[in-house]
Amino acid sequence: MSRFIYADHAGTTALSQTALAAMTPYFTEQYGNPSSLYRFGQEAKADLERARADIAACIGAKPEEIFFTSGGTEADNWALKGVVELMALKGKTTGHIITSAIEHHALLHTAQHLEKQGYAVTCLPVDELGRVSPADVEAAIRPDTVLISIMAANNEIGTIQPVAEIGAIARKHKILFHTDAVQAVGHIPVDVEAWNVDLLSLSAHKFQGPKGVGALYVRRPLRLPPLLHGGGQEKGRRSGTENVPGVIGMAAALKEAVAQLEAEGARLSALRDRLIDGLTRLPYTRLTGDPENRLPGTASFVFEGVEGEALLLHLDARGICASSGSACSSASLDPSHVLLAIGLPHAIAHGSLRLSLGADNTDADVNAMLAAVPEVVAYLRNMSPVWDAAEQKPTWVVE
Ligand SMILES: *Cc1c(COP(=O)(O)O)cnc(C)c1O
């Protein structure tokens, strides 16, 4: 019996045993610096390059197109700031970026930063299922558009975007296309060729690799100016002594995840659908995100008349680790920008819950959540000033 039920795999995951075993020697015996000329360092270099080739193969890329970073946030920052700097080097000091309203803050806040520096940014709306329309992307293109950045799958509501269609539009108009694929890689098939992407962000800790390591895919012959300057590692594109154990762990975790993708995807989808079927039976409850184009492990809801934070605390007291959608929004009182973007009113968006499943979750976990969540929701509703306990409906519903 585990100490608790972990249902926050979109927030982070446990390191897989395979990844742990693969990376352990690189902390102790194989600690050489890949930049060193002696054999001990060059062995680390060779292992790092093998990991690069493995990671590239998992997303249909070439090894030379993979650049290691400290994670998804750095990869997103680098993609945007790198393209802007590249354009500046070509003499274009202003320009236009197209993105969506439901991106991760690593992307949105970088775009806002560039906006303050004079760049124009179009944040495309999404429909009620959280989908970006490829036609909207095409219509937003201007003569000065330098980059389109649309995430592959959303971290809060699990919606998978029509990335290949958007990539084809970007290609047709000869505009660079970046996708934040942090939630997609290791969870759904990812292919930089089929998707027509020029830049793609990934992060190891979302697919059972270690925290603090990720990568940016950069399609050849595109050469992004570096975000970090220094000793010239990563062909001068990303300085800093390579995180050898991290990269080895990331490659081992990704190979394992991709090998199990189909079987694990089917297993998780079945568990997820049981959660969705069970919890959407509750009155004044709805699924958020796309019921079909959806990450296998992500079930997300809003419960009217419930405060999301209170729900999380009560679930925690019952040993269930869940999220209200975004780890970043937990410090603020505003509801998630994603839930507002899919058109939910503030009052309803406050009652959100994300249960994201992964390797350690079982049928028994789902049963336990199907028992606990309705009890906590009923308890909180009956205490809530916005719940009409006599009528068993939210106070904003008038008949
Ligand atoms: C987690 C996440 C990130 C940030 O990745 P880190 O490696 O934690 O910096 C970026 N985008 C999405 C969609 C994410 O889910």
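The shown structure was predicted, so the numbers you read here are calculated from the model rather than taken from an experiment.

S.K.: Where do I start with the overall build of the protein chain in this structure?
M.R.: Helices and strands together make up the secondary structure of the protein chain, namely 14 helices and 14 strands. Its C-alpha atoms give the protein chain a radius of gyration of 22 Å, within 12% of the compact-globule value 21 Å for 399 residues. Overall, the protein chain is about 75 × 55 × 35 Å in size when its C-alpha atoms are taken along their principal axes. The buried share of the protein chain, reckoned over its 399 residues, is 55%. Once local pairs closer than 6 in sequence are excluded, the contacts in the protein chain between residues at least 24 apart make up 72%. Summing over all exposed atoms, the protein chain offers an accessible surface of approximately 17,000 Å²; the carbon and sulfur share of this is 56%. Separation between the mean location of the 34 positive side-chain charges and that of the 45 negative ones in the protein chain comes to 7 Å.

S.K.: How do you make sense of the pattern of salt bridges when you look at a structure like this?
M.R.: Oppositely charged side chains may form a pair once their charged atoms are brought near each other. A complete count under the given rule lists 20 salt bridges for this structure. In this structure, Asp-290 and Arg-131 form a salt bridge, with 3.9 Å as the shortest nitrogen-oxygen distance. Of this pair, Asp-290 sits in the loop between β9 (285–287) and β10 (298–303) while Arg-131 sits in the loop between β4 (120–124) and α6 (134–140), and the two are 159 residues apart along the sequence. Among the residues examined, Asp-290 registers a relative accessible area of 3% and is labelled buried. The salt bridge partner of Glu-193 is Arg-219, with a shortest N-O separation of 3.1 Å. Of this pair, Glu-193 sits in helix α8 (residues 192–195) while Arg-219 is found in the loop between β8 (214–218) and α9 (244–259), placing the two residues 26 residues apart along the sequence.

S.K.: Hey, could you run me through the sheet that holds strand β5 (residues 145–149) in this one?
M.R.: Across a sheet, paired strands are connected by hydrogen bonds in the backbone, their directions being either parallel or antiparallel. One open sheet holds the 7 strands; their spatial order is β2-β8-β7-β6-β5-β3-β4, and the pairing between them is mixed. Each edge of the open sheet carries a strand with a single partner, namely β2 (66–69) and β4. Each neighbouring strand pair of the sheet contributes to a mean axis angle of 20°, computed without reference to strand direction. In the packing of helix α7 (residues 163–172) onto the sheet, contacts are made with β5 and β6 (176–180), and the angle to β6 comes to roughly 160°.

S.K.: Any chance you could explain the site of the ligand here in plain terms?
M.R.: Lining the immediate environment of the ligand, one finds 13 residues, of which Thr-73, Asp-180, Gln-183, Ser-203 and Lys-206 sit closest. Note that an oxygen atom of the ligand is positioned 2.8 Å from one of the backbone N or O atoms of Gly-72. Here an oxygen atom of the ligand and a side-chain polar atom of Lys-206 are 2.7 Å apart. Considering each element in turn, the shell around the ligand owes the most residues, 3 residues, to helix α4 (residues 72–89). Residues belonging to the shell around the ligand are distributed by class as follows: 2 nonpolar, 8 polar and 3 charged.

S.K.: Looking at this structure, I do not really get the packing of helix α11 (residues 308–317) against helix α14 (residues 363–383). What am I missing?
M.R.: Two numbers describe a pair of packed helices, the interaxial angle and the distance between the axes. At a minimum axis distance of 10 Å, the contact between α11 and α14 shows a crossing angle of 130°. As the angle between them shows, α11 and α14 are arranged oblique. Taken as a pair, α11 and α14 cross one another with a handedness that is right-handed. Two secondary-structure elements touch here, α11 through Ala-310, Leu-311, His-314 and Leu-315 and α14 through Ala-372, Val-373, Val-376, Val-377, Tyr-379 and Leu-380. Taken together, the residues that form the contact of α11 with α14 break down as 9 nonpolar, 1 polar and no charged.

S.K.: Explain the sheet that holds β9 here, please?
M.R.: On the basis of which strands lie adjacent, the open sheet formed by 3 strands has the order β9-β10-β12 and antiparallel pairing. A strand with exactly one partner marks an edge of an open sheet, and here the two such strands are β9 and β12 (352–356). When strand polarity is set aside, the average angle formed by the axes of neighbouring strands in this sheet is 25°. Alignment of β10 against β12, held across 5 bridges, turns out to be antiparallel.

S.K.: Is there a simple way to explain the nonpolar core in this structure?
M.R.: As a rule of thumb, nonpolar side chains are buried together in soluble globular proteins. Counting residues in hydrophobic clusters, the biggest one holds 63 residues, and the most contacted among them are Ile-59, Ile-148 and Leu-200. Sort the elements by how many residues they give to this core and α9 lands first, with 8 residues. A domain-level breakdown of this core finds at least three residues from each of domain 1 (5–12 + 261–384) and domain 2 (17–259). In contact with Leu-200, not counting residues within four places along its chain, are Ile-59, His-178, Thr-179, Ala-181, Val-185, Val-190, Val-192, Trp-195, Ala-215, Leu-216 and Tyr-217. If you look at the next biggest cluster of nonpolar residues, it comprises 27 residues, including Leu-279, Ile-320, Ala-322 and Ala-372.

S.K.: Explanation requested: the environment of Thr-159 in the structure shown.
M.R.: With respect to the secondary-structure elements, Thr-159 resides in the loop between β5 and α7. A relative accessible area of 0% means that Thr-159 is categorised as buried. Each C-alpha atom of the pair Thr-159 and Gly-130 lies 6.1 Å from the other, and the pair is 29 residues apart in sequence. When neighbours within four sequence positions are excluded, Thr-159 is seen to be in contact with Leu-129, Gly-130, Arg-131, Ala-152, Ala-153, Asn-154, Gly-289, Asp-290 and Asn-293. Within the local environment of Thr-159, its side chain forms a polar contact with the backbone oxygen of Leu-129, the two atoms lying 2.7 Å apart.

S.K.: Any chance you could explain the domain arrangement of the protein chain here in plain terms?
M.R.: The figure often quoted for interface size is the accessible area lost as the parts come together. Splitting the protein chain by domain gives domain 1 (5–12 + 261–384) and domain 2 (17–259). A C-alpha centroid distance of 28 Å is found between domain 1 and domain 2. On the side of domain 2, 32 residues touch domain 1, which itself brings 25 residues to the contact. In this assembly, domain 1 packs against domain 2 so that about 2,300 Å² is buried in total across both faces, 58% of it on carbon and sulfur atoms. Our count for the domain 1 to domain 2 interface comes out at 1 salt bridge. Summed over the shared surface of domain 1 and domain 2, the number is 14 residue pairs in polar contact (both at pLDDT 80 or more). It is helix α12 (residues 337–341) that provides the largest number of residues to the side of domain 1 that touches domain 2, a total of 4 residues. In the side of domain 1 that touches domain 2, the residues fall into 11 nonpolar, 11 polar and 3 charged.

What counts and what doesn't
Within each chain, residue numbers correspond to sequence positions counted from 1 in written order. Only residues with pLDDT of at least 70 get local features here, since the model is predicted, and only at 80 or more are side-chain atom pairs given and counted; chain-wide, interface and lining totals rely on the full set of residues. Water and hydrogen atoms play no part in the side-chain values, which are based on all heavy atoms of the structure. Helix and strand definitions follow DSSP, with helices as H or I runs of at least four residues and strands as E runs of at least two, each counted in order from the N terminus. In this setup the radius of gyration rests on C-alpha atoms only. A globule is expected at 2.2 Å times the number of residues raised to 0.38. Here the term buried applies to any residue with accessible area under 20% of the maximum for its type, exposed to any over 50%, and partly exposed to those in between, with areas from a 1.4 Å probe on protein chains only. Contacts are assigned to residue pairs with any non-hydrogen atoms lying within 4.5 Å of each other. Surface exposure here means Shrake-Rupley accessible area, sampled with a 1.4 Å probe, where a residue is shielded only by the protein chains that are shown. A positive count includes Lys and Arg, and a negative count includes Asp and Glu. His and the chain ends are not counted in either. Where a charge lies is defined by one atom per residue type: Lys uses NZ, Arg uses CZ, Asp uses CG and Glu uses CD. A carboxyl oxygen of Asp or Glu within 4 Å of a side-chain nitrogen of Lys or Arg is what we treat as a salt bridge. Pairs of strands are assigned from DSSP output, requiring at least two bridges between the strands. In this analysis, axes come from line fits to C-alpha atoms, helices being fitted only over the stretch in contact, and the angle between any two N-to-C directions falls in the range 0 to 180 degrees. Neighbouring residues are identified by heavy atoms, a residue being near a molecule or strand if any of them is within 4 Å of it. Distance and chemistry together define a polar contact, namely a pair of N or O atoms within 3.5 Å, with one atom able to donate a hydrogen and the other to accept it when in protein, and with adjacent residues in sequence counting only for side-chain atoms on both sides. Residue type decides the class: Asp, Glu, Lys and Arg count as charged, Ala, Val, Leu, Ile, Met, Phe, Trp, Tyr, Cys and Pro as nonpolar, and the leftover types, Gly among them, as polar. Roughly parallel refers to an angle under 35 degrees, roughly antiparallel to one over 145, roughly perpendicular to one between 65 and 115, and oblique to any angle outside these ranges. Handedness of each helix crossing follows the sense of rotation of the near helix against the far helix: counterclockwise by less than a right angle gives left-handed, clockwise gives right-handed. To define a nonpolar core, start from buried Ala, Val, Leu, Ile, Met, Phe, Trp, Tyr and Cys residues and group those joined through side-chain atoms within 4.5 Å. Per the annotation, domain bounds derive from an automatic or database assignment of domains. Summed over both partners, the accessible surface that disappears when two parts come together, traced with a 1.4 Å probe, is what is meant by buried area.

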